[in-house]
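In case you want the letters, here they are:
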Amino acid sequence: MKILFNNTAFQQECRIIKNGENTVYQYFDDKKILLKTLEIDKFERDVDTIEYELNGEIKSHLHKDYTQNGLIETFKDHFQEYKRTIETVQKGDYTHRIETYISKTSPNKNYVNEFVKDTAGKLLRIINNGKIIEI
């Protein structure tokens, strides 16, 4: 039995660029076509990710803004577009983590979730779109 192999090498190139205090990683395929950019802030958190089609058009874009007590995330691709906000609020002895999801393309999937924890970090209740779920 004779087996023949055709050696094919797939290579991906990564370029690293500084953007102020942030670092941008650009990923290219073996034909030097830009596939993806990933931006990381000085705290090693991803702040911006863009994926590209082979023709150079944007396939998807995920952006995150970090706030003092949470995160604002926006996403857009060919099929969906949404904004998600996560906020942590201290109310007395309880910590409330509030997540709000608002979709432009599928408004029927919008939600507001609130997770209530005590000082020890134990989950006490979940409030989903105003309905309380006791734990």
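What counts and what doesn't
Residues numbered from 1 in each chain as written. Predicted model: local features only at pLDDT ≥ 70, side-chain atom pairs only at ≥ 80, totals over all residues. Heavy atoms only, no water. Pairing = 2+ DSSP bridges. Helix = DSSP H or I, 4+ residues; strand = E, 2+ residues; numbered from the N terminus. Salt bridge = Lys/Arg side-chain N within 4 Å of Asp/Glu carboxyl O.

**Thoughts on the pairing of strand β3 (residues 34-40)**
Next up, step 1: Bridge analysis of strand β2 (residues 22-28) against β3 gives six bridges, and the strand direction is antiparallel. Paired with tyrosine 27 across the bridge in β3 is lysine 36.
Next up, step 2: Examined bridge by bridge, β3 and strand β4 (residues 46-52) share five bridges and lie antiparallel to one another. Across the sheet, isoleucine 40 pairs through a bridge with aspartate 46, a residue of β4.
Next up, step 3: Linking β3 back to β4 in an antiparallel pair, the connection comprises five residues, with glutamate 44 at a positive phi of about 65°.

**Comments concerning the pattern of salt bridges**
Next up, step 1: With the rule as written, the count across this model stands at nine salt bridges.
Next up, step 2: Where aspartate 41 meets arginine 45, a salt bridge forms, and the shortest distance between an N and an O atom there is 2.9 Å.
Next up, step 3: Note that arginine 84 is salt-bridged to glutamate 99, the shortest N-O span being 3.3 Å. You can see arginine 84 sitting in strand β7 (residues 81-91) and its partner glutamate 99 sitting in strand β8 (residues 94-103), a full 15 residues away along the chain.
Next up, step 4: Sharing partners across several salt bridges, the network here consists of Glu73, Arg84, Arg97 and Glu99.

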